[in-house]
Amino acid sequence: MPKDMATERTIYERRESGARSYCRAFPDSFTEARGSEIFTADGNRYIDFLAGCSSLNYGHNDADMKAALIEHIAGDGIAHGLDLHTDAKGAFLTAFNDHILAPRKMDHRVMFTGPTGANAVEAAMKVARKVTGRTNIISFTNGFHGVTMGALAATGNGYHRGGAGMDKAGVTRFPFDGYAKGVDSAALLDQMLSDPSGGIDAPAAIMFETVQGEGGLNPASAEWVRKMQEIAHKHGALLIIDDIQAGCGRTGTFFSFDEMGVQPDIVTMAKSVSGFGLPMALMLVRPQHDIFGPAEHNGTFRGNNHAFVTARVAIEKFWADEAFQTELTEKAALMTEKLQRIADLVPGAYLKGRGLMQGVDVGSGDLASDICGRAYENGLIVETSGPNDEVVKILAPLTTSKELFEEGFAILEKAARDVLNNAKLAAE
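Note on numbering: residues in each chain are counted from 1, in written sequence order. Residue-level local features of this predicted model are given only where pLDDT is at least 70; pairs of side-chain atoms are given and counted only at 80 or more, and the full residue set underlies all totals for whole chains, interfaces and linings. Side-chain figures throughout are based on the complete set of non-hydrogen atoms in the structure, without hydrogens or water.

Undergrad: Mind showing me how you'd approach the overall build of the protein here?
TA: The secondary structure content of the protein amounts to 15 helices and 17 strands. Taking 22 Å as the expected radius of gyration for a compact globule of 428 residues, we find that the protein reaches 22 Å, a close match to that expectation. Based on the C-alpha atoms only, the size of the protein along its principal axes is roughly 60 × 60 × 55 Å. Exposure categories follow from relative accessible area, calculated using a 1.4 Å probe and restricted to protein chains: below 20% of the type maximum is buried, above 50% is exposed, and the middle band is partly exposed. By the burial criterion, 51% of the 428 residues in the protein qualify as buried. Note on contacts: a residue pair is in contact if any heavy atoms of the two residues lie within 4.5 Å. In the protein, 73% of the contacts between residues at least 6 apart in sequence involve partners at least 24 apart. Here a strand is any run of E in DSSP of at least two residues, a helix any run of H or I of at least four, and the numbering for each starts at the N terminus. Just to be clear, the radius of gyration here is over C-alpha atoms, and the globule rule we use is 2.2 Å times residues to the power 0.38.

Undergrad: Teacher, can you tell me more about the pattern of salt bridges here?
TA: Pairing is possible between side chains of opposite charge, provided their charged atoms come close. One side-chain nitrogen of Lys or Arg within 4 Å of one carboxyl oxygen of Asp or Glu is enough to make a salt bridge. Enumeration over the complete set of coordinates arrives at 23 salt bridges. For lysine 234, the salt bridge goes to aspartate 190, with nearest N and O atoms at 3.2 Å. Taken as a pair, lysine 234 in helix H11 (residues 222-234) and aspartate 190 in helix H10 (residues 185-194) lie far apart in primary sequence, 44 residues in all. For lysine 234, a relative accessible area of 53% puts it in the exposed group. Among the ionic pairs, glutamate 377 bridges to arginine 374, the shortest N-O distance being 3.2 Å. Of the two residues, glutamate 377 and arginine 374 both sit in helix H14 (residues 365-377), 3 residues apart, roughly one turn of that helix. Assessed through its relative accessible area of 60%, glutamate 377 is described here as exposed. Put simply, Arg374, Glu377, Lys414 and Asp418 are held in one network by salt bridges that share partners.

Undergrad: What am I meant to see in the sheet that holds strand S15 (residues 380-381) here?
TA: Strand pairing in a sheet relies on backbone hydrogen bonds, with the paired strands running either antiparallel or parallel. An order of S1-S2-S3-S15 is seen for the 4 strands of this open sheet, with the pairing classed as mixed. Looking at strand neighbours, the two that pair on one side only are strand S1 (30-34) and S15, the edges of this open sheet. Here S1 runs beside strand S2 (residues 37-40); their pairing, made up of 4 bridges, is antiparallel. Considered in S2, the bridge of alanine 33 is made with isoleucine 38. Set on the sheet, helix H15 (residues 402-427) makes contact with S2, strand S3 (45-48) and S15; between it and S3 the angle comes to about 100°. A strand pair is defined by DSSP finding two or more bridges across the two strands. Axes, fitted as lines to C-alpha atoms, cover a helix only where it is in contact. Angles between the N-to-C directions of the axes lie from 0 to 180 degrees.

Undergrad: Got a minute to help me understand the nonpolar core in this structure?
TA: As a rule of thumb, nonpolar side chains are buried together in soluble globular proteins. Throughout this description, the term nonpolar core refers to a set of buried Ala, Val, Leu, Ile, Met, Phe, Trp, Tyr and Cys residues connected via side-chain atoms within 4.5 Å. Counting 87 residues, the largest nonpolar core has Phe96, Phe208, Met228, Phe255, Met269 and Leu412 as its most contacted members. Beyond its immediate stretch of four places on either side in the chain, leucine 412 contacts Ile342, Ile371, Ala375, Leu380, Val382, Val392 and Ile394. Met125, Val127, Ile240 and Ile244 belong to the second largest nonpolar core, which has 23 residues in total.

Undergrad: Just checking my understanding: could you explain the side chain of threonine 113 for this structure?
TA: With respect to the helices, strands and loops of the structure, threonine 113 is situated in strand S4 (residues 109-114). Overall, threonine 113 belongs to the buried group, its relative accessible area being 1%. Apart from the residues lying within four places of it in its own chain, the contact partners of threonine 113 are Asn119, Ala120, Ala123, Ala281, Leu282, Met283, His297, Asn298 and Arg302.

Undergrad: How do you make sense of the state of the cysteines when you look at a structure like this?
TA: Note: disulfide means a covalent bond formed between the sulfur atoms of two cysteine side chains. In what follows, a disulfide is any cysteine sulfur pair within 2.5 Å. A full pass over the atoms with the stated rule returns 0 disulfides. Here cysteine 53 stays unpaired: no disulfide links it, and the sulfur of cysteine 372, its closest cysteine neighbor, is 13 Å away. Among the residues examined, cysteine 53 registers a relative accessible area of 6% and is labelled buried. Free cysteine: cysteine 248, not disulfide-bonded; nearest cysteine sulfur from cysteine 53 at 13 Å. Overall, cysteine 248 belongs to the buried group, its relative accessible area being 2%.

Shown next as structure tokens:
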């Protein structure tokens, strides 16, 4: 290979798998980050409206979490302990119980499933099948639950499903709330399950996200969620809510189903549950359904004590009272206002999502990608979602200041104007 061609290929292009994704749209090399800002090796600054795909809800390198983690490491605290009892795990469980579960009258047990959300989903599907003795899981259009084989069977996205290389079984897919215009999907599901000739095997569980993140920021109404709980219990199934992306405050409350009047049998969590971007996933399961035997579902890295340390701090710092949640309500209103300005620029565009999990459907994956690309050129990291990547999706850290929100949305609005003006000029 000629030398000039060889030097153009970076170590990432030569050695990293083609499965790499986000770095294709954001190709700089990043070296440090604070709060809602991230910096490159050559000193360029970006506002981060991606936040590790909602894994950094409290921003990069929160000072209090960092201090606690450094203290733990400096004191030779346990880093990896399988599922042994440790002081870090005990402190996390105490904080989680006192500030999250007990105030919501949730009696769920906490299962540490391993590093990823997909692993929590796998555990949830397995335990539902074991509890009920059934195999069928009801999942929904545009749902995303992970790309391991069990979770992938419940995921709607055709591109990801195509990577399996084998059949995906054990799932019946149904229209999500609002997916089919004029169709009450809850009533239809109930009718088909009630009919012995409805053609749907009795389900072990009904599983969904209350706001579909990768599916395009599709929010379910509280009424629909309550109906799904009623249908699940009427037909002997468990209700599983996947709160991996929508949880930890992303929709404005700790759980995305808070204030909806439901009590899921199982909740899956990951992403921001560690608070610091460290790998950690949980399955919350009601005691009567906690029937796995020892190590029946396990994982070598289910004892990430560094994540326990930062997760405890996150709960105690942000969720011990209502101040943070009140602040999120104000920021969500600001986000809606700013996104509406962008939607007004694009004929037919409209807002989607809930809380601080919002975006603009611009009707075209190419247009959304161009807007995000132009925004990146001007110092903002923001991604797309939806079946055709047609939604400009905002997942800024929940701790983003009003000033940075203003600056970031100004960059995004200018990017939209520039892209639309360029398209108009090209058409003339």
